[in-house]
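Single-letter residue listing:
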Amino acid sequence: MHFASESNSMHAEESAENFPVALRLLPGGIRRDLHALYAVARTIDNLGDETLGGQAARDRVAALTEFRSDLRGIWGGAPPRHPVLRDLVPTVRAHDLTVQPFEQLIEANLVDQRVTRYDTFADLIGYCRLSADPVGRLVLAVFGCESSTVAELSDRVCRALQLVEHWADVAEDRAAGRIYLPGQDMAQFGVTESDLDRPHASAALRELMRFEIDRAAALLESGAPIVGHLHGWARVAVAGYVAGGRAAVHALRRTGGDVLGCTATTSKPRTAAIALRLLVAPTRHARSDEGGGT
């Protein structure tokens, strides 16, 4: 479960692609709690990237540091100043949330200010532990799911969703000065950084992207059994996240690896259909979801 969308941006509206299709089915209280988490994650992302995009990294670091101090006040007895943090307080109290996952999300954005390349896939996964894992853990906490097995599967799903976002946003990230494709993988496939500046992917880059997309898909499928471990509204919501990942993988594969010249788009009907199949048969493999339709 990951709140970041396929365009690597997060929007507060329920219609955004990053919320699961099943969101509107959830009870109002749960939906409000998820929105509270979502708004905080969106704000952190903005502070580290979008809203301060024209300012120096030191300004973004200062903004993130200030937000972190404000966030800590929720647990330290000081009323938060930022509106999204004030809205978060009831959710924290209702579900006894800890500060650690939020701190990790802030740290991921601080990392983005100083790290723009990853040498190995393991290095990138290390980043995902900060940027992706915490969101899934927070979602599970809202549903009262504390099983270590479920948490581990959640981490796999979240990391896969993060990777899928990166693979859809290669050109956008490159324009921002960041490359999430592991350096070792680029060297192995004969891809240079300048290849990422072209209007269309070279043959080598397309081959690399197919490899990376398959790797993200395999990671997603290794975590997909989480749906079978959940019950009630948690099962419905998480099926929506996994379905969104499967739909995104399908869309990326349809580009043939040309993530520079083609936009990987998903459709809500497709995602909803995949989610329904997950709920009915949670062990079904993703390849069965890649047949017809758009």
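Residues numbered from 1 in each chain as written. Predicted model: local features only at pLDDT ≥ 70, side-chain atom pairs only at ≥ 80, totals over all residues. Heavy atoms only, no water.

**Considerations on the overall build of the chain**
When you go through the chain residue by residue, the secondary structure sums to 13 helices and zero strands. Along the chain, from the amino end to the carboxyl end, the secondary structure elements read α-α-α-α-α-α-α-α-α-α-α-α-α. Across the 294 residues in the chain, those meeting the buried criterion constitute 55%. A separation of at least 24 residues holds for 68% of the contacts in the chain among residues at least 6 apart in sequence. For the chain, the exposed surface amounts to about 12,400 Å²; the carbon and sulfur share of it is 53%. (Helix = DSSP H or I, 4+ residues; strand = E, 2+ residues; numbered from the N terminus. Buried < 20%, exposed > 50% of the residue type's maximum accessible area, 1.4 Å probe, protein only. Contact = heavy atoms within 4.5 Å. Areas by Shrake-Rupley, 256 points an atom, 1.4 Å probe, with all protein chains shown as cover.)

**Observations concerning the environment of glycine 190**
You can see glycine 190 is positioned in the loop between helix 9 (183-188) and helix 10 (203-223). Between the C-alpha atom of glycine 190 and that of alanine 203, which follows or precedes it by 13 residues, the distance is 9.8 Å. Those residues within four positions of glycine 190 in sequence are excluded, and the remaining contacts are Asp195 and Ala204.

**Side note on the nonpolar core**
The biggest cluster of nonpolar side chains holds 88 residues, and the ones touching the most others in it are Leu88, Leu163, Trp167, Leu181, Leu205, Ile226 and Val242. Sort the elements by how many residues they give to this core and helix 12 (residues 232-254) lands first, with twelve residues. (Core = buried A, V, L, I, M, F, W, Y, C linked by side-chain atoms within 4.5 Å.)

**Here's the deal with helix 13 (residues 268-280)**
Between the first and last C-alpha of helix 13 there are 18 Å, a value that for 13 residues agrees with the 18 Å anticipated at 1.5 Å per step. For helix 13, the set of buried residues is Arg270, Thr271, Ile274, Ala275 and Leu278. Angular distribution of buried residues about the axis of helix 13 spans 135°; they occupy a single face of the element. With respect to the buried face of helix 13, the exposed residues turned more than 90 degrees away are Pro269, Leu276 and Val280. (Expected span 1.5 Å × (residues − 1). Arc of directions from axis to C-beta.)

The values reported here are purely geometric and, on their own, carry no functional implication.
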